[in-house]
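Fold and contact review
Chain by chain, the residues:
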Protein chains: 2
Amino acid sequence: MQKEERQQFIIEELRAYNKVKSIELSEKLKVSEDTIRRDLKELAEKGQLKKVHGGAMSSSFSSFHNSLDNIYAHSSKVKIVRKALSLIEDNMVIIIDGGTTNLELAKILPLDLKATVFTNTLQVALVLCEHPEIDVCMLGGKLHKGSKLAIGLDVVNYLSEMHADICFMGTSGIHTTIGITENDREEAITKRAMIARSSRVVSLAISEKLGKIQPFKVDSIDKVHILVTEFAPNHHSLEAFRNAGIKIL
Amino acid sequence: MQKEERQQFIIEELRAYNKVKSIELSEKLKVSEDTIRRDLKELAEKGQLKKVHGGAMSSSFSSFHNSLDNIYAHSSKVKIVRKALSLIEDNMVIIIDGGTTNLELAKILPLDLKATVFTNTLQVALVLCEHPEIDVCMLGGKLHKGSKLAIGLDVVNYLSEMHADICFMGTSGIHTTIGITENDREEAITKRAMIARSSRVVSLAISEKLGKIQPFKVDSIDKVHILVTEFAPNHHSLEAFRNAGIKIL
DNA sequence: AAATTTCATGCAAAATGGCGCAAAATGTGT
DNA sequence: ACACATTTTGCGCCATTTTGCATGAAATTT
């Protein structure tokens, strides 16, 4: 990957998210942070972005905020997806479900990852289109407006004909005895189908979802193999899940 | 392998990937890197690409030149979709295909329009999610990265089970005798399926697509019922299409 | 205040670019 | 068919660019 291409990518990231972090860029682009820093310096001199501690932001956006962390308020989700990244290897078949945490996962995937990804959410699909080595398959069907994801019969039908190595589940509620729950019936059914077609099920859940119960049951707790939260694995509130036989990351 | 042939190949690679590396070209073309360098130098002097360290990039891709003629094209697209709007009524079943013009159409749809819309493009689906009265159905399948739309067997299968009142076709090339053509085979097949399942087919085409021919045939010209361009309906360059029995808007 | 993270600088290794030259290929006129 | 000019190509040599690492300073967090 040459310099110009990298810088082009940085500009695009900036257009999309108004902010970039040096570390994340270096992970995505597989170069050292020094190189990223040099890129940012050059682009800053050309006036194409504004450097800030830890990264850069779109120069037009900068007047409103002056710290990256204001923009990165969702840092617990970033923590989660960083950990989840370790579960992904080249040539996997991956299902990525809806939810903002899963969207963060898609954004942080290395640019050169080779994989086949099935997703029912529009934004995840859009982000993955930027990855040249990933085969993206959109699970089609009636769209749920709020969450911008496809749900219902069409998705379930499609899923029934396939199999994935790993499934990253968005989580509205996860409870040690009740299991996984959702607040929409069709969404619950869709998730259940995803679980059924995956060798491994990973639940990405910010801590506020732990112990929460939603109206519609997705599946029992033993279907979840791995739980990833922003807490350290030995955190006390994860005790019950560990006892339920779930691997904690 | 002749020089011209090589340089042609480089241009094509550039069109496909927007970037090329000298080493890879020298391997693919079985010549020394020096030769490639000389080719790139010549092409750069002719303005057909932009040389960068380690290879070259598509010159249009990098700078604002691109965005400038986007702005120019944008105004004609807005003209087109304004006219196309008159074709839409409440409670219709609508297919919206890919392309930037169709995206403009989606953006301009009245917020209170009641309709069922099928689309295979991610951005159109996202825009339509903001419309509370529109049932949006995403046509799923393997995604074509550049155009961010679902193409291929899955889409065709899904279409075969439905029927729409009207279909807004993105247009890469439309020619009075050759018909509608596309630059991707699967995209062509997908469009053909859309046409087959719609009572009325509308081609939204900025003038530069008129008379253009792409490698893959979608369907014959008599499948198009209505043609919408930025020109006034009596414009001379639309004469041939009117004679072909197409209604001009 | 201490610990961690990020930044700047210098440096060396690796990759890439540029130039001249000679061999090979191609074109041209007789 | 032959000699000669022109173009194209590959190689060697060296300059330049790029990159990663080490070190210490600066900024930020705990």
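Parameters at a glance
- Residues numbered from 1 in each chain as written.
- Chains lettered and ligands numbered in written order.
- Predicted model: local features only at pLDDT ≥ 70, side-chain atom pairs only at ≥ 80, totals over all residues.
- Heavy atoms only, no water.
- Helix = DSSP H or I, 4+ residues; strand = E, 2+ residues; numbered from the N terminus.
- Near = heavy atom within 4 Å.
- Polar contact = N/O pair within 3.5 Å; in protein donor to acceptor, adjacent residues only side chain to side chain.
- Nonpolar A, V, L, I, M, F, W, Y, C, P; charged D, E, K, R; others polar.
- 1 Å grid on protein atoms, 1.4 Å probe; cavity = no way out; pocket = protein on both sides within 12 Å on 5 of 7 lines; lining within 4 Å.
- Points joined across faces, edges and corners; volume = space filled by probe spheres on them.
- Patch = residues over 30% accessible without salt bridge, like charges linked within 9 Å, V, L, I, M, F, W, Y side chains within 5 Å.
- Areas by Shrake-Rupley, 256 points an atom, 1.4 Å probe, with all protein chains shown as cover.
- Salt bridge = Lys/Arg side-chain N within 4 Å of Asp/Glu carboxyl O.
- Lys, Arg positive; Asp, Glu negative; His and termini not counted.
- Charge placed at Lys NZ, Arg CZ, Asp CG, Glu CD.
- Domains from an automatic or database assignment.
- Contact = heavy atoms within 4.5 Å.
- Buried area = accessible area lost by both parts, 1.4 Å probe.

Considering the environment of Ala16 of chain A
Residue position: Ala16 of chain A is located in helix α1 (residues 3-17). Considering only alpha carbons, one finds Ala16 of chain A and Gly173 of chain A, 157 residues apart in sequence, at a separation of 30 Å.

Examining the protein's contact with DNA strand D
Around DNA strand D, the surrounding shell holds 17 residues, and the nearest of these are Arg6, Thr35 and Arg38 of chain A together with Arg6 and Thr35 of chain B. For DNA strand D, the backbone portion of the atoms within 4 Å of the protein, that is sugar and phosphate, comes to 61%. Between DNA strand D and the protein, one listed contact pairs a phosphate oxygen with a side-chain N or O atom of Lys3 of chain A at 3.0 Å. Measuring from a phosphate oxygen of DNA strand D, one finds a side-chain N or O atom of Arg6 of chain B at 2.4 Å. Elements with a contribution of two residues or more to the surface near DNA strand D: α1 and α3 (33-45) of chain A together with α1 (3-17) and α3 (33-45) of chain B. Grouping the amino acids of the surface near DNA strand D by side-chain chemistry returns 2 nonpolar, 6 polar and 9 charged.

A word on the layout of surface pockets
All names here are of chain A. Considering only enclosed or pocket space, the second largest pocket measures out at about 450 Å³ in volume. Lining the second largest pocket are 26 residues; nearest its centre among them are Gly98, Gly99, Thr100, Thr101 and Ser147. Every element with two or more residues in the lining of the second largest pocket is listed here: α6 (100-108), α7 (122-128) and α9 (185-196). Ranked by the residues each element gives to the lining of the second largest pocket, the list is headed by α6, at 4 residues. Of the residues that constitute the lining of the second largest pocket, the class distribution is 6 nonpolar, 13 polar and 7 charged.

Overview of a negative patch on the surface
Together, Glu89, Asp90, Asp112 and Glu133 of chain A give the surface a local cluster of negative charge. Here Asp112 of chain A is to be found in the loop between α6 and β5 (115-119).

Quick word on the domain arrangement of chain A
Think of interface size as the accessible area that goes away when the parts come together; that is how it is often given. Residue and element names in this part refer to chain A. Assigned domains within chain A: domain 1 (3-71) and domain 2 (75-248). The centre of domain 1, based on its C-alpha atoms, is set 29 Å off from the matching centre of domain 2. Contact residues are listed per partner, giving 9 residues for domain 1 and 10 residues for domain 2. The junction of domain 1 with domain 2 conceals about 800 Å² of combined surface from both sides, 56% of it contributed by carbon and sulfur atoms. Its largest share of buried area at the contact with domain 2, domain 1 owes to Tyr17, Glu24 and Lys28, together 55% of the area lost on that side.

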